[in-house]
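The residues making up each chain are set out below.
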Amino acid sequence: MSSRPTNPGGASHVRRRVLLGTAVLVVLVALAGLAAYLTRDGRSPSKAPAVQASSPAASSTASSAPRTRPRALAVPPRTHDPIVFGEAAAAALWSYDTRAYSRTELRTALRAWLTTEDKYADLGSVDKVVPSAVLWKEMAANRQFATAKVHEGHFPDSFTRALQSDPGAITQAYIYAVTVSGKQSIAWKGCHAGGAESRTTTLAVQCRPHQPCALVGVMPSVAP
């Protein structure tokens, strides 16, 4: 793990992307194309958790599998470490449980991870990882759920180099890039393990010196 520091549409949405892009670019100058992504009206799809409804046939064959308890919604940790927070946020973004709560409750819970500084919070990038209402209904009919296991989190090399070249640049917004890798496992109707897929995502995390870290948004592409 790398060393750690010591310490949706409309004009308003576009302005938030511009401000987010400005803050992140101060310390992510090596991440080519990020500014263009954050300031245009459309978004290229980022690698979000795979959410797919299970088939009834697959569910019936798994009826004898051990039952898995419904999982509660994840709560943001109170930490000043951007990597620790990024790992927890990635796990929350990769997880869902249609047996335990509604799509609306999931969206509300994930929004609670965002920074309260509206000019930096990229709400759209977080909402994007939540399945559509139609898909959620189908998933809920099969009692589908996903769990996440985080392998590791680190600062991307480009972020580290930029920070080393200008350590003071981050002190305006205190936004860090954190790349997290892990695995998402999907199951349904009592199936203990329906399938698993590797996940990697880069998050923008804000950690001001005198307050706990918060999520800024999900980056459009993975920064190694």
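Residues numbered from 1 in each chain as written. Predicted model: local features only at pLDDT ≥ 70, side-chain atom pairs only at ≥ 80, totals over all residues. Heavy atoms only, no water.

## A word on unusual backbone geometry
A positive phi angle is found at R143, which is not glycine, with a value near 55 degrees. By the element assignment, R143 lies in the loop between α7 (133-141) and β2 (145-154). (Helix = DSSP H or I, 4+ residues; strand = E, 2+ residues; numbered from the N terminus.)

## Things to note about the confidence of the model for the protein chain
Atom-level detail of predicted coordinates should not be read off regions where pLDDT is low. Averaged over all residues, the pLDDT of the protein chain equals 78, while 67% of them reach at least 70. Note that residues 1-52 has pLDDT below 50 and, in this model, 108 contacts with residues that lie over four places away or in other chains. Between residues 54-66, whose pLDDT stays under 50, and residues either more than four places distant or in other chains, the model counts 17 contacts. (pLDDT = per-residue confidence, 0-100. Contact = heavy atoms within 4.5 Å.)

## A few points about the environment of A109
Following the sequence through the fold, A109 ends up in helix α5 (residues 103-111). Along the primary structure A109 and L73 are separated by 36 residues, whereas in three dimensions their C-alpha atoms are 6.8 Å apart.

## Concerning the pattern of salt bridges
This structure, assessed with the given rule, holds 5 salt bridges. Salt-bridge contacts for R111 lead to D127; the nearest nitrogen and oxygen are separated by 2.7 Å. On the criterion of sequence distance, the pair formed by R111 in helix α5 and D127 in helix α6 (residues 123-127) is long-range, its members being 16 residues apart. Accessibility expressed as a relative area gives 12% for D127, which makes it buried. Ionic pairing is found between R208 and E117, a salt bridge with its closest N-O pair at 2.7 Å. Of the two residues, R208 is situated in the loop between β4 (195-206) and β5 (214-218) and E117 in the loop between α5 and α6; the sequence distance between them amounts to 91 residues. One exposure class covers both R208 and E117, and it is buried. (Salt bridge = Lys/Arg side-chain N within 4 Å of Asp/Glu carboxyl O. Buried < 20%, exposed > 50% of the residue type's maximum accessible area, 1.4 Å probe, protein only.)

## What about the sheet that holds β5?
In spatial order, the strands read β1-β2-β3-β4-β5; together these 5 strands make up an open sheet with antiparallel pairing. In this open sheet, the two edge strands, each paired with only one partner strand, are β1 (96-97) and β5. (Pairing = 2+ DSSP bridges.)

## Things to note about the nonpolar core
Among the nonpolar cores identified, the biggest contains 38 residues, and L93, Y96, L110 and L203 are the most heavily contacted of them. For this core, the secondary-structure elements that each account for two or more residues are α4 (82-93), α5, α6, α7, α8 (157-165), β3 (175-187), β4 and β5. The element that contributes the greatest number of residues to this core is α4, accounting for 6 residues. One finds Y120, A173, I175 and V216 within the second-largest nonpolar core, a separate group that totals 6 residues. (Core = buried A, V, L, I, M, F, W, Y, C linked by side-chain atoms within 4.5 Å.)

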